[in-house]
Amino acid sequence: MKLSVYHTPELIPAESLPHTAVVIDVLRATTTIATALNFGAEAVATYSSIENLIQEGRSWPDNKRLLAGERGGSKVPGCDLGNSPLEFSSEQMKDKRLFISTTNGTRAIESVGRATNVLAAAFVNHKATIKYLLEKNPESVWLVGSGWEGTYSLEDTALAGALAKSLLENGKVPISIENDEVLASVALYSQWKDNLLELFHQASHGKRLLRLGGEQDLKYCASLDIIDTLPIQKESGVFVKLAP
Ligand code: MLT
């Protein structure tokens, strides 16, 4: 497996795509997508544009859909939900399609949407992601952070490091390190692995969410391996739970 890490979608090479792209937006889009599917959502449809989200979401039957929109960390007026995984429940999600647009995460998904496989990873489903990658052993894997409007985000690169470290230490599947960011992300994760919540408190988007009252969101997003759900792209921008 050839492994690369990109801190933001802007840094991915033009004109090339991996076999498998793992999109990371720890705070909070990929955590939220995994949580929605874990609560029984039928699928999660992702959009970089709020206008497309509203237009396509409203074309779906009323009782079968939920619209979630976030900009700058806050809920977008006119949507049912924002981007907090703590707003979700199984009663509300069961068999519904979640239509979601967020500031950076859904844009990152779009940037690698044409890879053969696209996964959504977070700390909450880190183990499920590793299990899939080691079982499938794709020829090339990119771990892509969403960052914030073109800049690097500590929490996304920390998860890239956690995933890279687990892959490099697996002992079975040979891993080829394709760029320096792989080792840089492992170094970042190794420094903070016992104190992820503190890292989130120091990260710029973590601080933004704290200003908006998101302390519990940070705690949830820092929880390792609490769900076994791996979101995988089924058709353009639409994620489903990987069948067991
Ligand atoms: C994003 O896509 O930038 C985020 O997921 C922001 C957030 O809602 O925390």
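So, here is what we can say about the structure in this document. These numbers come from a predicted model, not from an experiment.

### Considerations on the layout of surface pockets
To find the voids left in a structure, one rolls a probe of water-molecule size over its atoms.
Item 1. Taken as a whole, the largest pocket encloses approximately 300 Å³ of empty space.
Item 2. Taken together, A128, K131, Y132, E135, K136, D228, T229, L230, K241, L242, A243 and P244 make up the lining of the largest pocket.
Item 3. In terms of residue count, the dominant contributor to the lining of the largest pocket is helix α5 (residues 126-136) (five residues).
Item 4. Here the residues of the lining of the largest pocket sort into six nonpolar, one polar and five charged.
Item 5. Put simply, the second largest pocket is a space of about 210 Å³.
Item 6. Forming the walls of the second largest pocket are 16 residues, and the residues nearest its centre are T46, Y47, E110, S236 and G237.
Item 7. Those elements giving two or more residues to the lining of the second largest pocket turn out to be β3 (43-46), α2 (50-58) and α4 (105-111).
Item 8. The element contributing the most residues to the lining of the second largest pocket is α4, with three residues.

### Some details on the site of the ligand
Item 1. Among the 13 residues in the neighbourhood of the ligand, the closest are listed as N83, T102, N104, G105 and H205.
Item 2. Within the backbone of G105, an N or O atom sits 2.7 Å from an oxygen atom of the ligand.
Item 3. Coverage of the ligand by the protein chains reaches 100% of its 270 Å² of free accessible surface.
Item 4. In a pocket analysis with a 2 Å cut-off to the grid points, the ligand is assigned to the largest cavity.
Item 5. Partitioning the shell around the ligand into residue classes produces four nonpolar, six polar and three charged.

### A closer look at the packing of helix α6 (residues 154-168) against helix α7 (residues 180-192)
Item 1. For the pair α6 and α7, interaxial distance at closest approach is 7 Å and the crossing angle is 100°. Here α7 runs roughly perpendicular to α6, going by the angle between their axes. Contacts between α6 and α7 pair L154, T157, A158, A160, G161, A162, A164, K165 and L168 from the former with V182, S185, V186, L188, Y189 and S190 from the latter.

Parameters at a glance
Residues numbered from 1 in each chain as written. Predicted model: local features only at pLDDT ≥ 70, side-chain atom pairs only at ≥ 80, totals over all residues. Heavy atoms only, no water. 1 Å grid on protein atoms, 1.4 Å probe; cavity = no way out; pocket = protein on both sides within 12 Å on 5 of 7 lines; lining within 4 Å. Points joined across faces, edges and corners; volume = space filled by probe spheres on them. Helix = DSSP H or I, 4+ residues; strand = E, 2+ residues; numbered from the N terminus. Nonpolar A, V, L, I, M, F, W, Y, C, P; charged D, E, K, R; others polar. Near = heavy atom within 4 Å. Polar contact = N/O pair within 3.5 Å; in protein donor to acceptor, adjacent residues only side chain to side chain. Areas by Shrake-Rupley, 256 points an atom, 1.4 Å probe, with all protein chains shown as cover. Sits in = over half its atoms within 2 Å of the grid points. Axes fitted to C-alpha atoms, helices over the stretch in contact; angles between N-to-C directions. Parallel < 35°, antiparallel > 145°, perpendicular 65-115°, else oblique. Contact = heavy atoms within 4.5 Å.

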